[in-house]
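# Chains, contacts and geometry: an overview
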2 protein chains.
Amino acid sequence: MDITKIPYKIYLEENEVPTKWYNVRADMKVKPAPLLNPGTGQPLTIEDMNPIFCEELNKQELDNDTRWFDIPEEVQNFYRMFRPSPLVHAEFLEKALDTPAKIFYKFEGNNTSGSHKLNSAVAQAYYAKAQGLKGVTTETGAGQWGTALSMATQFFGIDCKVYMVKCSYEQKPFRREVIRTYGAEIIPSPSMTTEVGKKINAEHPGTTGSLGCAISEAVEVAVKSEGYRYVLGSVLNQVLLHQTIIGLEAQAALKKYNIKPDILIGCTGGGSNLGGFASPFIGEMLRGEANYKIIGAEPASCPSFTRGKYAYDFCDTGMICPLAKMYTVGSQFIPSANHAGGLRFHGMSPILSELYHQGVFEARAYEQTQVFEAAEIFAKAEGILPAPESSHAIRAAIDEALKCKETGEEKVIVFNLSGTGYFDLYAYSQFNDGTMTDVIPSDSVIEEALSKLPKVPGME
Amino acid sequence: MDITKIPYKIYLEENEVPTKWYNVRADMKVKPAPLLNPGTGQPLTIEDMNPIFCEELNKQELDNDTRWFDIPEEVQNFYRMFRPSPLVHAEFLEKALDTPAKIFYKFEGNNTSGSHKLNSAVAQAYYAKAQGLKGVTTETGAGQWGTALSMATQFFGIDCKVYMVKCSYEQKPFRREVIRTYGAEIIPSPSMTTEVGKKINAEHPGTTGSLGCAISEAVEVAVKSEGYRYVLGSVLNQVLLHQTIIGLEAQAALKKYNIKPDILIGCTGGGSNLGGFASPFIGEMLRGEANYKIIGAEPASCPSFTRGKYAYDFCDTGMICPLAKMYTVGSQFIPSANHAGGLRFHGMSPILSELYHQGVFEARAYEQTQVFEAAEIFAKAEGILPAPESSHAIRAAIDEALKCKETGEEKVIVFNLSGTGYFDLYAYSQFNDGTMTDVIPSDSVIEEALSKLPKVPGME
């Protein structure tokens, strides 16, 4: 690579943009473990899944063999609104750190949802429309997924009901308004619109809700309403599949300028971000074509990879969703109120979990004050205010770049800047005021949560 | 032009980006009227200006003859962070409107300041640094200018003090936090840090401030502090000069694909947006090389062009700033609390005022509910949530496109999408709730304000 010939921002031409998604499972010798029906302990079949999820998405979910999936033309058409996203040579950050490392970031935040979530939302809304559905339901915590889905469903002309965790609904009125502007119905959860919501409200008067409860409500409405299905923004194999557009574009941009990465970094909550960004590169590794150091950056307050267990667990706190084999700190673990709402998930993508189990990549946990320190360095150097979630990846990238400063190595670091922090300024305000704290769960808290993992017949 | 060969987003290559700013005054036969010293009624000299403003900027302010100004290398370097901005073919909007018109927009919102303001902020911070100053002071209303300036000053390593109108400071805590994150000092105005602030607080206990007062405080601090100068984000000739980067890039992108615009549209508050976008095209008109229909879109609640008078007036409510000959509804006019904070200015750029007076372009006033209706159509079609200010231009563009639908004409409409609405969701919330209202000033209110225009000896 000749660094002097690389533009600050690399944009692919429209005809260089990938037209297929990549399914990393096709290259995995040991496949991720199947989802299980929590009642029977048996692998979930497409017949189990079709009443809840869209049919075409279920096919993608269960397909461990097809390497490439065509991106439907209608989805490609929508992608043009915000893709290709730039691969940026972070030369201002390099200078601020005074490092010999070469740092690049793929910037997924330049769309109104403010994150990479739109990549899968468009696909899911498209398949729902193609199936002739009337609408979809979902939950949202931090709000990025709900925003992305509302944008996608209105584009394809189908309904969207978003159950938003009540405390987020109240604390993030602006996220709520974007979702309303895009015409979705947004309901604070727990609500009185579902049986499960009524029950929780009766048992816990005044509760401000949880993601687990919002999932339960969204699923109930999908199952009970004619022509509706439930959709989800992370964790699932299908979501990782759609998100590979990030990694594929990054690969194309890197190849265009003959840039060979040494280190690839993404943050991890449910896995859609690291999975989408890294899996095309992991595919090269699995096929023996290349070798990279890949790092997942997670919050120390919810350390699924670094302190969790690889075991079957419920995907939701309410314990009504299928069981997934994944790195988990336990579905009954309640993460402290850190500001990276998108990373506060007890479990992890089954694909990433199996790859991590195989030692394909490593993970690191960061405390939020370290993360915001990195966010501020980045914002000042590169002029982009990053999302708290994405700032975990920035922290890891800065740490690696500072190591290079010590050793004098010119490593090439590429990370995924998955979103912007325009709706997270309350968190920045706490950081600016010096009132932000770190809460790391004690060993006994994690042990306690892990002791409640479900017993799966024949699977332990 | 072959519309099928035009990409959805046109990005210039780095080597196609303009390296000079264009000074439209060089092509004007009748120049804009000079600023006057309000005490003497005499044209302001550079000696009058140097104690308040940066020297190099004063030269630009007064230079009616130099056609091209080199953009300093350091400014070009910073521009790379967010420029070139894309010229987008709004094909989704065309489809939503079912119009034969071809619509393009220059998108200036994809940077953390959320608007085009960064173009001039970088230049002003650079010249302040080059002059060896310690820092700059300014005021901000809606907050875009304050954000942009804080980004620019921290990049060049100089201090920045932002006086933010108290009601905005309190109502827009998130804007405030971005500014703080970039290390600027931000002071709610009126404050107790200046004589004028103390006086206003004593006379009007509990006041939530005004832009006029914030200007007065920022100027006082600049003049009284060693090594500080005052900078301003609109109205001035120098600001329009820096903002021509928008129009020059747009021209280059249009030429690259042989697109010949019929209609050019921008919103107008103080004039930096329309002036920067349109003046390179106006230059072509003044030189007899082309002819365009150019439209300035202003709020009906503060209708400087459409209901104001072309006369000398104070630039600020506090009547301490120089007098400018401009379209004005009177410095004592108090616009109703509409949501396009960036357009709530009683006056107008002297350059644009003279051009409007010469009949070079036309102006239209829009009520804010019409504007938000257009914003929502645009957000849904093109996936970008626009700023309320920019949405005035969208309204005008949609109206022109709908006229084409009636007549069947395939006119080419290009507008400037100057910013995003991520910090304006309270306004969207009012629109979504149906509680947004329009307040149009009565004739007698405007007559009353115009009756208070200053008397300038020998100038009436």
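Residues numbered from 1 in each chain as written. Chains lettered and ligands numbered in written order. Predicted model: local features only at pLDDT ≥ 70, side-chain atom pairs only at ≥ 80, totals over all residues. Heavy atoms only, no water.

### Some points on the overall build of chain A
Threshold: For helices the rule is a DSSP run of H or I covering at least 4 residues; for strands it is a run of E covering at least 2, with both sets numbered from the N terminus onward. Here the globule rule is a power law, 2.2 Å times the number of residues to the power 0.38, and the radius of gyration is based on C-alpha atoms. Classification of residues uses two cut-offs on accessible area relative to the type maximum, computed with a 1.4 Å probe and protein chains only: under 20% is buried, over 50% is exposed, and between them is partly exposed. Note on definitions: a residue-residue contact is assigned when non-hydrogen atoms from the two residues lie within 4.5 Å. Throughout, the Shrake-Rupley method with a 1.4 Å probe supplies accessible areas, and for residues the shown protein chains are the sole cover considered. We treat Lys and Arg as the positive residues and Asp and Glu as the negative residues; His and chain ends play no part in the count. One atom stands in for each charge, and that atom is NZ of Lys, CZ of Arg, CG of Asp or CD of Glu.
Helix and strand counts for chain A stand at 18 helices and 15 strands. Here the C-alpha atoms of chain A give a radius of gyration of 21 Å, agreeing with the 23 Å that 2.2 N^0.38 yields for 460 residues. Overall, the C-alpha framework of chain A stretches about 60 × 50 × 50 Å when taken along its three principal axes. Per-residue burial over chain A gives 64% buried out of 460 residues. By sequence separation, contacts in chain A at least 24 residues apart represent 76% of the contacts at least 6 residues apart. For chain A, the accessible area works out to roughly 16000 Å², and carbon and sulfur atoms hold 50% of it. In chain A, which carries 43 positive and 55 negative side-chain charges, the distance between the mean positions of the two groups comes to 1 Å.

### Considerations on the interface of chain B and chain A
Our working rule: Each of two parts loses accessible area, computed with a 1.4 Å probe, when they are put together; buried area is these two losses added. Should a side-chain nitrogen of Lys or Arg be within 4 Å of a carboxyl oxygen of Asp or Glu, the pair is scored as a salt bridge. Think of a polar contact as two N or O atoms within 3.5 Å of one another; within protein, one of them needs to be a possible hydrogen donor and the other a possible acceptor, and neighboring residues in sequence only count if both atoms come from side chains. Put simply, Ala, Val, Leu, Ile, Met, Phe, Trp, Tyr, Cys and Pro go in the nonpolar bin, Asp, Glu, Lys and Arg in the charged bin, and everything else, Gly too, in the polar bin.
With 41 residues of chain B at the interface, the matching set in chain A holds 41 residues. When the two sides are added together, the surface that chain B and chain A hide from each other amounts to roughly 3900 Å², 55% of it contributed by carbon and sulfur. Area buried by chain B at its contact with chain A is led by Met81(B), Thr181(B) and Tyr422(B), which between them contribute 17% of it. The interface formed by chain B and chain A includes four salt bridges. Across the pair Arg80(A) and Glu91(B) runs a salt bridge whose closest N-O atoms are separated by 3.0 Å. Here chain B is connected to chain A by 23 residue pairs in polar contact (both at pLDDT 80 or more). With six residues, the top contributor of residues to the side of chain B that touches chain A is helix α17 (residues 425–433) of chain B. By residue class, the composition of the side of chain B that touches chain A is 20 nonpolar, 10 polar and 11 charged.

### Here we look at the side chain of Arg83(A)
All names here are of chain A. Relative to the assigned elements, Arg83 resides in the loop between α3 (73–79) and β4 (87–89). According to the relative accessible area criterion, Arg83 is buried, its value standing at 4%. A distance of 2.8 Å separates the side chain of Arg83 from the side chain of Glu249, its partner in a polar contact. Apart from the residues lying within four places of it in its own chain, the contact partners of Arg83 are Lys106, Glu108, Asn119, Ile245, Ile246 and Glu249.

### With respect to the relation of the copies chain B and chain A
Test applied: In this comparison the copies share one frame, found by least squares on the C-alpha atoms of residues holding pLDDT of at least 70 in both.
Placing chain B over chain A gives an RMSD of 0.0 Å and needs a rotation angle of 180°, together with 0.0 Å of translation along the axis. Viewed as a symmetry operation, the transformation between the two copies matches a two-fold axis. Interface residue correspondence from chain B to chain A reaches 100%, placing this contact among same-surface, isologous pairings.

### Here's the deal with helix α16 (residues 388–407) of chain A
Which entries qualify depends on this criterion: Expected span of a helix: the number of residues minus one, times 1.5 Å.
For α16(A), spanning 20 residues, the distance from its first C-alpha to its last is 29 Å, which sits close to the expected 28 Å at 1.5 Å a residue. Counting buried positions along α16(A) gives 14 out of 20 residues, so the element sits mostly inside the fold.

### What to know about the sheet that holds strand β7 (residues 159–165) of chain A
All names here are of chain A. Short version of the rule: The pairing criterion for strands is at least two bridges between them, as found by DSSP. Inter-axis angles, ranging from 0 to 180 degrees, are taken between N-to-C directions of lines fitted to C-alpha atoms, where helices are fitted over the stretch in contact.
Spatial strand order, β8-β7-β6-β9: four strands in an open sheet with parallel pairing. At either end of the open sheet lies a strand with only one pairing partner, and these are β8 (185–189) and β9 (228–230). Within this sheet the neighbouring strands show an average axis-to-axis angle of 25°, counted without direction. Pairing geometry for strand β6 (residues 135–140) and β7, over six bridges, is parallel. Counterpart to Gly135 in the pairing with β7 is Asp159. Of the strands in this sheet, β6 and β7 are in contact with helix α6 (residues 144–156), which crosses β6 at around 165°.

### Regarding the packing of helix α15 (residues 368–382) of chain A against helix α17 (residues 425–433) of chain A
Residues and elements named next belong to chain A. The test is simple: Here roughly perpendicular refers to angles of 65 to 115 degrees, roughly parallel to angles under 35, roughly antiparallel to angles over 145, and oblique to all remaining angles.
Where α15 meets α17, the axes come as close as 11 Å, and the angle between the chain directions of the two elements is 95°. It follows from the interaxial angle that α15 and α17 lie roughly perpendicular. Residues Thr369, Phe372, Glu373, Ala375 and Glu376 of α15 lie in contact with α17, whose contacting residues are Ala427, Tyr428, Phe431 and Asn432. Class assignment for the residues of the contact of α15 with α17 results in five nonpolar, two polar and two charged.

### Section: the pairing of strand β12 (residues 309–314) of chain A
Residues and elements named next belong to chain A. Most of β12 sits inside the fold, with five of its six residues counted as buried. One ladder, built from six bridges, connects β12 with strand β13 (residues 323–328); its direction is antiparallel. Pairing of Tyr310 across the sheet is with Tyr327, part of β13.

### Remarks on the environment of Ala449(B)
All names here are of chain B. Examined against the element boundaries, Ala449 turns out to sit in helix α18 (residues 443–450). With relative accessibility at 5%, the residue Ala449 sits in the buried group. For the pair formed by Ala449 and Lys199, sequence separation is 250 residues and the distance between their alpha carbons is 24 Å. Residues in contact with Ala449, not counting those within four places in the same chain, are Val329, Gly330, Gln332 and Phe333.

### Points about helix α8 (residues 173–181) of chain A
The complete set of buried residues in α8(A) reads Arg175(A), Arg176(A), Glu177(A), Val178(A), Ile179(A) and Thr181(A). On the buried face of α8(A), the contacting elements are α6, β7, α7 (166–171) and β8 of chain A together with α15 (368–382) and α17 of chain B. Positive phi appears at Gly183(A), one or two residues downstream of α8(A), with a value of about 80°.

### Considerations on the sheet that holds strand β1 (residues 9–10) of chain B
Residue and element names in this part refer to chain B. A sheet is described by the order of its strands in space; here seven strands give the open sequence β1-β4-β5-β15-β10-β11-β14, paired in mixed fashion. Looking along the sheet, the strands with just one partner apiece sit at the ends: β1 and β14 (362–366). Strands β4 (87–89), β5 (102–107), β14 and β15 (412–417) of the sheet are contacted by α15, whose axis makes an angle of about 95° with β14.

### Things to note about unusual backbone geometry
A cis amide bond links Arg83(B) with the next residue in sequence, Pro84(B), at an omega value of -5°. Looking at where Pro84(B) falls in the secondary structure, it is placed in the loop between α3 (73–79) and β4. Geometrically, the link from Ser189(B) to Pro190(B) is a cis peptide bond, its omega value of 5° lying close to zero. Locating Pro190(B) in the fold gives a position in the loop between β8 (185–189) and α9 (195–203). Located in the positive-phi region is Asp98(A), a residue other than glycine, with phi close to 55°. Along the chain, Asp98(A) falls in the loop between α4 (91–97) and β5 (102–107).

### Digging into the confidence of the model for chain A
Test applied: Confidence of the prediction at every residue is given by pLDDT, a number between 0 and 100.
In the predicted model, chain A carries a mean pLDDT of 94, and 99% of its residues have values of at least 70. For this predicted complex, the interface confidence reaches an ipTM of 0.94, while the overall pTM sits at 0.95.

### A word on the pairing of β5(B)
A regular strand carries its side chains on alternate faces of the sheet. Residue and element names in this part refer to chain B. In terms of burial, β5 is a largely internal element, six of the six residues being buried. Alternating residues of β5 divide into Lys102, Phe104 and Lys106 and Ile103, Tyr105 and Phe107, and every residue in both groups is buried. In this sheet, β15 lies alongside β5 in parallel orientation, the contact comprising six bridges. Within β15, the residue paired with Lys106 across the bridge is Asn416.

### Concerning the pattern of salt bridges
Residue and element names in this part refer to chain A. Inspection of the entire model under this criterion finds 56 salt bridges over all chains. Where Glu249 meets Lys106, a salt bridge forms, and the shortest distance between an N and an O atom there is 2.7 Å. Residue Glu249 is found in helix α11 (residues 237–256), and its partner Lys106 is found in strand β5; the two are separated by 143 residues along the sequence. Judged by relative accessible area, which is 0%, Glu249 ranks as buried.

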